[in-house]
Amino acid sequence: MIVALAGGVGAARFLEGLIHVIDPKDLTVIVNTADDLYLYGLYISPDLDTIMYNLAGIANKSTGWGIQDDTFHCLEMLERYGNEPWFKLGDKDFATHILRTHLLRRGIPLSEVTRLLCSLLGVEVNVVPMTNNKVSTRVVTEQGILDFQDYFVRQQETAVVRDVYFEGIENAVPPEGLLELLKSANGVIICPSNPIVSIQPILKVSGILPILKELPVIGISPIVGGSPIKGPADKLMRAFKIEVSAYGVARYYATFLNTLIIDTVDANLQSQIEELEIHAVVTNTLMRTLEDKIALAKITLRELDKIL
Ligand code: FO1
């Protein structure tokens, strides 16, 4: 069994390729939930949704998040009632948040709700939130402390970032059975997700990092040619004084990473990364087509196999 650590869109694109090369039932994905938010009284879990929709084949292909061909009548009506429609929730997407919130209010843990939603959408991969406890990413900026989605979506990453912290992380424990499952994994894949706000919170959930250190771990750099494919990883890495490069990613993961896959444009960083005792594999990591995704998944599995 393979375990993947995942954030949102970059991870979802990679996992779409991975399920073409391994049996989805042999894959567990641990998903970041520190980006979660409440809006209009609904519990929204953007990364869980993004992973679930992409694995179900219903994700919006151009954005990578939300549902393909969704409509926005509900949001338009909310706007008429005076609400600023800054977070683009589609009508079909609303159904997920309504049902999830309803089930959570009945006392069902997020991991169970996720299992149910995934099975109803025909997703065979074991998609697991990193914790059932509430953890919230707070971005410390020059304008004050912002919730992650406020910083990222509403304010379009314009605020200057000083620091990031995860409220509630000290009390976060993994869902029941997850650590045992992780211990029994053949290998771990760190998806091409934001190291600071997607992967870091998962690593900080109690018990996960010590197990990773005992397992073969391969990562795919989300930084290509000195900038992220998507999202604010560069601004957040700078705030943490991490070099915005595949080398910076390697250093950040150095305590547990065996191999890092880097893009061909970063081939010049290979020897520098290997000095960290991390094997660096150079290939195309841009996932424009399904063929690109499958090719990257095959290389990842081949290299993970070499560590075993
Ligand atoms: N990202 C945006 O850039 N703008 C949006 O309006 C937006 C809405 C949204 C609604 C549901 C959902 O599941 C995800 C959504 N995202 C949106 C994506 C999300 O903000 C980020 O991609 C992740 O949180 C980062 O991993």
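So, on to the overall build of the chain. Of the regular secondary structure elements, the chain holds 13 helices and 14 strands. For 308 residues, the compact-globule estimate of 2.2 N^0.38 gives 19 Å, and the C-alpha radius of gyration of the chain, at 19 Å, lies within 12% of that figure. When the backbone C-alpha atoms are referred to their principal axes, the chain occupies close to 60 × 45 × 40 Å. Carbon and sulfur atoms make up 51% of the accessible area of the chain, which totals about 13,500 Å². Taking the average place of the 27 positive charges on the side chains of the chain and the average place of its 37 negative ones, the gap between the two points comes to 2 Å.

This paragraph deals with the site of the ligand. Around the ligand, a shell composed of 14 residues is seen, among which Asp-35, Asp-47, Trp-65, Lys-88 and Gln-149 lie nearest. Side-chain polar atom of Asp-47 to an oxygen atom of the ligand: 2.7 Å apart, as the coordinates give it. A distance of 3.4 Å separates a nitrogen atom of the ligand from a polar atom in the side chain of Trp-65. About the coverage of the ligand: the protein hides 90% of its 530 Å² of free accessible area. Every element with two or more residues in the shell around the ligand is listed here: helix 2 (46-56) and helix 6 (148-154).

Moving on to the sheet that holds strand 14 (residues 279-283). Strand order in the open sheet formed by 7 strands is 5-2-1-9-10-13-14, and the pairing between neighbours is parallel. With partners counted over all chains shown, the strands left at the sheet margins are strand 5 (126-129) and strand 14, one partner each. Shown here is a sheet whose adjacent strand axes are inclined to one another by a mean of 20°, direction ignored. Note: strand 10 (residues 217-220) against strand 13 (residues 259-263), 3 bridges, orientation parallel.

Let us now look at the sheet that holds strand 7 (residues 144-147). Taken in spatial order, the 3 strands line up as 7-6-8 in an open sheet, and their pairing is antiparallel. If you trace the sheet from one side to the other, it starts and ends with strand 7 and strand 8 (161-167), each paired once. Neighbour-to-neighbour, the strand axes of this sheet turn through a mean angle of 25°, independent of strand direction. Strand direction decides the pairing type here: strand 6 (residues 136-141) and strand 8, joined by 6 bridges, are antiparallel. Paired with Ser-136 across the strands is Glu-167, a residue of strand 8. On the sheet, helix 8 (residues 195-204) packs against strand 6 and strand 8 and is oriented at approximately 35° with respect to strand 8.

Our focus in this paragraph is the nonpolar core. The biggest cluster of nonpolar side chains holds 54 residues, and the ones touching the most others in it are Leu-5, Tyr-151, Val-188, Ile-190, Leu-212 and Ile-273. Among the elements that make up this core, the one with the highest residue count is helix 8 (5 residues). Apart from the residues within four sequence positions on either side, Leu-212 is in contact with Leu-5, Leu-182, Val-188, Ile-190, Leu-203, Val-217 and Phe-256. Formed by 40 residues, the second largest nonpolar core is a distinct cluster that contains Ala-4, Ile-22, Leu-48 and Leu-296.

A separate point is the packing of aromatic side chains. Aromatic ring pairs are defined here through the distance separating the ring centres and the angle between the ring planes. This model, assessed by the stated rule, comprises 6 aromatic pairs. Measuring from ring centre to ring centre gives 5.3 Å for Trp-86 and Phe-87, while their planes differ by 55°; the resulting arrangement is tilted. Across this residue pair, the class does not change: Trp-86 and Phe-87 are buried. With centroids separated by 5.5 Å and ring planes inclined at 50°, the aromatic side chains of Tyr-253 and Phe-256 adopt a geometry described as tilted. Side by side, Tyr-253 and Phe-256 carry an identical accessibility label, which is buried. Among the aromatic residues, those joined into a ring-pair cluster are Tyr-252, Tyr-253 and Phe-256.

Before going further, it helps to spend a moment on helix 8. Counting buried positions over the 10 residues of helix 8 gives 9, a clear majority of the element. Within helix 8, burial applies to Pro-195, Ile-196, Val-197, Ser-198, Ile-199, Gln-200, Pro-201, Ile-202 and Leu-203. Measuring from the side-chain oxygen of the N-cap residue of helix 8 to the backbone nitrogen of Ile-196 gives 2.9 Å; that N-cap residue is Asn-194.

Another point: the layout of surface pockets. Here the second largest pocket is characterised by a volume of approximately 290 Å³. What lines the second largest pocket is a set of 18 residues, and nearest its centre among them are Ser-111, Glu-112, Arg-115, Asn-126 and Val-128. Secondary-structure elements contributing two or more residues to the lining of the second largest pocket are helix 5 (110-120), strand 5 and helix 7 (178-183). Its residues assigned to classes, the lining of the second largest pocket comprises 10 nonpolar, 5 polar and 3 charged.

The rules behind the values
Residues numbered from 1 in each chain as written. Predicted model: local features only at pLDDT ≥ 70, side-chain atom pairs only at ≥ 80, totals over all residues. Heavy atoms only, no water. Helix = DSSP H or I, 4+ residues; strand = E, 2+ residues; numbered from the N terminus. Rg over C-alpha atoms; globule rule 2.2 N^0.38 Å. Areas by Shrake-Rupley, 256 points an atom, 1.4 Å probe, with all protein chains shown as cover. Lys, Arg positive; Asp, Glu negative; His and termini not counted. Charge placed at Lys NZ, Arg CZ, Asp CG, Glu CD. Near = heavy atom within 4 Å. Polar contact = N/O pair within 3.5 Å; in protein donor to acceptor, adjacent residues only side chain to side chain. Pairing = 2+ DSSP bridges. Axes fitted to C-alpha atoms, helices over the stretch in contact; angles between N-to-C directions. Contact = heavy atoms within 4.5 Å. Core = buried A, V, L, I, M, F, W, Y, C linked by side-chain atoms within 4.5 Å. Buried < 20%, exposed > 50% of the residue type's maximum accessible area, 1.4 Å probe, protein only. Phe/Tyr/Trp six-rings, centres within 6.5 Å; stacked < 30°, edge-to-face > 60°. 1 Å grid on protein atoms, 1.4 Å probe; cavity = no way out; pocket = protein on both sides within 12 Å on 5 of 7 lines; lining within 4 Å. Points joined across faces, edges and corners; volume = space filled by probe spheres on them. Nonpolar A, V, L, I, M, F, W, Y, C, P; charged D, E, K, R; others polar.

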